[in-house]
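Coordinate inspection notes
Here is what each chain is made of, one letter per residue.
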Amino acid sequence: MTRLSDYLLPTLKDAPADAEAASHKLLVRAGLARQLGTGLWTWLPAGYRSIKRVEAIIREEMDAIGCLEMLMPVLQPAEPWKRTGRYGIEELFRLRDRREAELVLAMTHEEAVTSHIAGDVRSYRDLPLMLYHLQTKERDEPRPRAGVLRTREFTMKDAYSFDRDEAGLDRSYQLQAGAYERIFERCGLRFYAVESDVGIMGGSGAHEFMAPCAAGENEVALAPGYAANVEVASAVARTVELPEPLPEPRSVPTPGLTTVDAVAGELGVAPGALIKAMPVVTAGDELVLVLVRGDHRLNEVKLANHLGAPTRLAREDEIEAAIGPVGFIGPVGAGVRTLMDEAIAGGGLVTGANEPDAHLVGVEPGRDFRYETCDVRTVEAGDLTAAGDPIEIEAAIEVGNIFKLGTRYSEPLGATYLDPDGVERPIVMGSYGIGPARIVAAAVEQRADELGICWPSAIAPWRLHICSLGKEGDEVSAAAAALYDGCVAAGIETLLDDRDGAGPGEKLTDAELLGCPLRVTVGRRGLADGVVETRVRASGEEERVPLAEAPARAGEILEGIG
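To keep things clear, this report deals only with the structure shown in the data block.

Cut-offs used in this document
- Residues numbered from 1 in each chain as written.
- Predicted model: local features only at pLDDT ≥ 70, side-chain atom pairs only at ≥ 80, totals over all residues.
- Heavy atoms only, no water.
- Helix = DSSP H or I, 4+ residues; strand = E, 2+ residues; numbered from the N terminus.
- Buried < 20%, exposed > 50% of the residue type's maximum accessible area, 1.4 Å probe, protein only.
- Contact = heavy atoms within 4.5 Å.
- Areas by Shrake-Rupley, 256 points an atom, 1.4 Å probe, with all protein chains shown as cover.
- Lys, Arg positive; Asp, Glu negative; His and termini not counted.
- Charge placed at Lys NZ, Arg CZ, Asp CG, Glu CD.
- Pairing = 2+ DSSP bridges.
- Axes fitted to C-alpha atoms, helices over the stretch in contact; angles between N-to-C directions.
- Salt bridge = Lys/Arg side-chain N within 4 Å of Asp/Glu carboxyl O.
- Disulfide = S-S within 2.5 Å.
- Phe/Tyr/Trp six-rings, centres within 6.5 Å; stacked < 30°, edge-to-face > 60°.
- Lys NZ or Arg CZ within 6 Å of the ring centre and 35° of its normal.
- Left-handed = near helix turned anticlockwise from the far one by under 90°.
- Nonpolar A, V, L, I, M, F, W, Y, C, P; charged D, E, K, R; others polar.
- Parallel < 35°, antiparallel > 145°, perpendicular 65-115°, else oblique.
- Core = buried A, V, L, I, M, F, W, Y, C linked by side-chain atoms within 4.5 Å.

A word on the overall build of the protein
Looking only at helices and strands, the protein has 13 helices and 29 strands in total. With the C-alpha coordinates aligned to their principal axes, the bounding extent of the protein is approximately 95 × 70 × 50 Å. Out of the 562 residues in the protein, the part that is buried amounts to 52%. Of the contacts formed within the protein by residues at least 6 apart in sequence, a portion of 68% connects residues at least 24 apart. Of the accessible surface of the protein, which amounts to about 25000 Å², a share of 49% is contributed by carbon and sulfur atoms. Taking the average place of the 58 positive charges on the side chains of the protein and the average place of its 89 negative ones, the gap between the two points comes to 4 Å.

This is the structure in structure tokens:
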């Protein structure tokens with residue numbers, strides 16, 4: 001029984017002052033979620049119904065590919081995390097119990113599940129195996145934002161595959177990828193599967209599933225036959241007009257000009273004709289000079305992957321001691337290891353002169369300085385794929401990810417098996433994560449309009465919303481209650497707005513805000529003609545239906561929507 005007269009659905013006229021994302025505004029206004037603290041959110045009853053519907057779809061698709069559900073604890077011993085090298089991750093919550101034992105609050109469960117497999121799997125006959133659970137995760141997120149999109153605590157489905165070899169991993173990976181596509185399709189999302197960085201998970205390959213929307217904090221590079229997270233995307237850079245080459249570099253005065261645009265404007269050249277020099281310091285305290293074209297941006301993920309570890313920007317004193325004055329540095333005569341992005345080409349380039357208030361013109365890589373070629377720039381809209389197609393950049397929400405872990409966790413945690421010849425080999429693993437709350441938020445972002453939420457039928461808190469425009473005890477209220485009983489009996493998940501203290505305008509406004517796929521309005525005028533009014537939330541299509549036929553007709557309309 002779901003009647004608003006005895007239900008907690010605290011709708012609001014205004015969104016929170018700090019809300020920017022549409023999902024943040026609407027989930028709060030529609031009474032679906034409330035913030036408890038920074039990055040900490042409570043799902044209220046109606047919102048939790050949508051979360052549970054998403055989780056049911058996830059379970060069905062995981063079960064269908066033979067993935068077995070289990071449940072592992074959030075609170076875990078620190079030792080396995082130390083053995084895998086992840087104990088030092090900044091976002092990991094670390095604590096001690098009353099006996100001073102070191103513990104962590106899990107961000108993911110690779111350490112836990114691999115420890116179990118190490119203790120219970122012995123033979124090749126035990127493999128392949130896939131396990132999953134839906135569990136709370138904790139993350140010391142430095143910048144919680146966008147409501148439920150980036151939080152410190154969240155529920156996640158993570159699955160893990162265990163195989164004998166890479167061929168087995170490929171099979172498991174494809175099974176999971178196919179299940180993910182079906183999950184997102186059933187949840188009514190537009191999405192892309194894109195190449196991505198392995199990040200803190202490690203391994204040999206990864207894909208992310210991205211739901212495009214304006215509130216997304218990720219960027220996706222898209223072209224026919226190509227999709228990749230901008231963190232790892234590669235492309236052919238747009239050509240740039242260069243000055244005439246010179247026999248050798250020539251110094252020109254550029255007093256006080258320390259930006260690309262300022263120097264380009266003074267010299268009358270395109271920003272892409274400049275070489276932007278960016279000194280970074282590696283984990284081994286080596287200062288490295290990274291070069292990108294003046295109209296390009298350094299991609300820190302690509303740089304970290306190229307060097308095998310993250311870097312930090314060099315301090316001003318470090319730059320001046322090793323190369324020259326900040327704002328005027330360049331690779332000619334720098335005397336440090338130099339990485340040059342592959343988009344830089346040709347002669348006649350402009351660089352800093354490593355002297356105050358001066359730049360060099362006519363610089364030619366190779367002739368005037370030595371370098372290592374690499375791909376460390378961020379792809380820009382208008383770049384081209386290898387096939388010559390222009391790339392577009394679109395904002396998106398990451399709603400799922402899959403990783404080929406290989407032996408990244410099985411080796412340090414001792415998860416091995418005996419092959420048919422009795423040889424001990426490490427188990428080959430995959431990891432597969434998906435966020436129910438992010439799916440809900442992405443659905444709201446993609447489908448909302450000026451009136452409120454417009455749910456995909458499969459994950460709406462209720463499929464049918466009945467608005468009774470009568471007063472308690474009158475014939476309108478009685479007819480609405482009877483209709484509600486008939487729809488529930490027909491197997492339709494139905495909400496009845498029978499609030500006696502709310503007027504017709506408030507009820508209809510709240511119905512649009514909540515956004516259930518179909519609304520049925522029971523009013524005095526319609527009832528006098530023996531009809532009720534249906535309205536499809538997404539299309540606005542309306543129909544007058546005989547009261548006696550309303551449950552059956554509602555079911556037909558919803559079947560068409562689904």
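Okay, back to it.
What to know about the sheet that holds strand β28 (residues 531–536)
Taken together, five strands build an open sheet; the order of strands is β26-β25-β27-β28-β29 and the sheet is mixed. Every interior strand has two partners, whereas the edge strands, β26 (494–497) and β29 (542–546), have only one. Going across the sheet, the axis of each strand differs from the next one's by a mean of 25°, ignoring polarity. Of the pairings in the sheet, the one linking strand β27 (residues 518–522) to β28 comprises four bridges and is antiparallel in character. Within β28, the residue paired with leucine 518 across the bridge is valine 536. Packing against the sheet, helix α10 (residues 475–489) makes contact with β25 (464–468), β26, β27 and β28, and its axis sits at approximately 165° to β25.

As for the pattern of salt bridges
It is possible for side chains bearing opposite charge to pair when their charged atoms get close. Considering all chains together, one arrives at 49 salt bridges under this definition. Its salt-bridge partner being glutamate 60, residue arginine 186 comes within 2.6 Å of it at the nearest N-O pair. Of this pair, arginine 186 sits in helix α5 (residues 166–186) while glutamate 60 sits in helix α2 (residues 45–64), and the two are 126 residues apart along the sequence. Taking the relative accessible area as the measure of exposure, arginine 186 reaches 33% and is therefore partly exposed. A residue is classified by how much of its surface remains accessible, and glutamate 60, at 43% relative accessible area, is partly exposed.

Examining the environment of glycine 491
With respect to the secondary-structure elements, glycine 491 resides in the loop between α10 and β26. Taking relative accessible area as the criterion, glycine 491 reaches 63% and is therefore assigned exposed. Spatially, the C-alpha atoms of glycine 491 and glycine 555 are 8.7 Å apart, while their sequence positions differ by 64 residues.

As for the state of the cysteines
Inspection of the entire model under this criterion finds zero disulfides. Not part of a disulfide, cysteine 187 finds its nearest cysteine sulfur in cysteine 213, a span of 15 Å.

Considerations on the sheet that holds strand β14 (residues 275–281)
As summarised here, the arrangement of the five strands in space is β16-β14-β15-β17-β20, forming an open sheet in which the pairing is mixed. Edge strands, defined here as strands with exactly one partner in the open sheet, are β16 (312–313) and β20 (372–374). Sheet topology places β14 next to strand β15 (residues 287–293); seven bridges connect them, and they run antiparallel. Note on β15: the bridge partner recorded for isoleucine 275 is arginine 293. On top of the sheet, helix α7 (residues 300–307) reaches β14, β15, β17 (337–341) and β20; it is set at about 130° to β17, its chief contact.

A short note on the packing of aromatic side chains
Scanning all chains against the criterion turns up eight aromatic pairs. Their ring planes at 55° and their centres at 5.9 Å tell us that phenylalanine 369 and tyrosine 371 sit as a pair that is tilted. Its relative accessible area of 33% is what places tyrosine 371 among the partly exposed residues. Put simply, the rings of Tyr180, Phe184, Phe191 and Phe209 pair up and form one aromatic cluster. Directly above the ring of tyrosine 87 sits arginine 94, whose terminal nitrogen or CZ lies 5.6 Å from the centroid.

Quick look at the environment of aspartate 120
With respect to the helices, strands and loops of the structure, aspartate 120 is situated in helix α4 (residues 110–120). By relative accessible area, aspartate 120 is classed as exposed at 61%.

Brief notes about unusual backbone geometry
In this structure, proline 128 follows leucine 127 across a cis peptide bond, with omega equal to 5°. Looking at the secondary structure, you find proline 128 in the loop between α4 and β7 (129–138). Even without being glycine, glutamate 100 reaches a positive phi, approximately 70°. Looking at where glutamate 100 falls in the secondary structure, it is placed in the loop between β5 (93–96) and β6 (102–105).

Describing the packing of α2 against helix α9 (residues 436–447)
Axis angle and axis distance: for two packed helices, these are the angle between their axes and the distance between the axes, and together they describe the pair. Running from N to C, α2 and α9 cross one another at 115°; their axes reach a closest spacing of 9 Å. The two elements α2 and α9 meet at a crossing, and its hand is right-handed. When α2 is examined against α9, the residues Ser50, Ile51, Val54, Glu55 and Ile58 are found in contact with a partner set consisting of Pro436, Ala437, Ile439 and Val440. Each residue belonging to the contact of α2 with α9 can be placed in one class, and the counts come to seven nonpolar, one polar and one charged.

What to know about the packing of helix α1 (residues 22–29) against α9
At a closest axis distance of 8 Å, the pairing of α1 and α9 adopts a crossing angle of 100°. When the interaxial angle is binned, α1 and α9 end up roughly perpendicular. From α1, Ala22, Ser23, Leu26 and Leu27 reach across to α9, where they touch Val440, Ala441, Val444 and Glu445. Its residues assigned to classes, the contact of α1 with α9 comprises six nonpolar, one polar and one charged.

Considering the pairing of strand β8 (residues 153–163)
Summarising burial for β8: eight of the eleven residues are buried, a large majority. Across ten bridges, the pairing between β7 and β8 is antiparallel. The residue bridging leucine 129 from the neighbouring strand is phenylalanine 162, located in β8. Inspection of the sheet shows β8 paired to strand β24 (residues 428–434) by seven bridges, in the antiparallel sense. By the bridge assignment for β24, lysine 157 is matched with isoleucine 434.

Things to note about the nonpolar core
One finds Leu32, Met62, Tyr180, Ile183, Phe184, Val399 and Ile439 to be the most contacted residues of the largest nonpolar core, which totals 59 residues. Residues within four places of methionine 62 in sequence aside, it is in contact with Cys67, Tyr132, Lys157, Ala159, Gln176, Ala179, Tyr180 and Ile183. Cys487, Leu518, Val520 and Leu558 belong to the second-largest nonpolar core, a separate cluster that totals 21 residues.

Quick look at the side chain of serine 161
Counting through the fold element by element, serine 161 comes out in strand β8. Leaving out residues up to four positions away in the same chain, serine 161 has contacts with Leu129, Met130, Leu169, Ser172, Val428, Met429, Gly430 and Tyr432.

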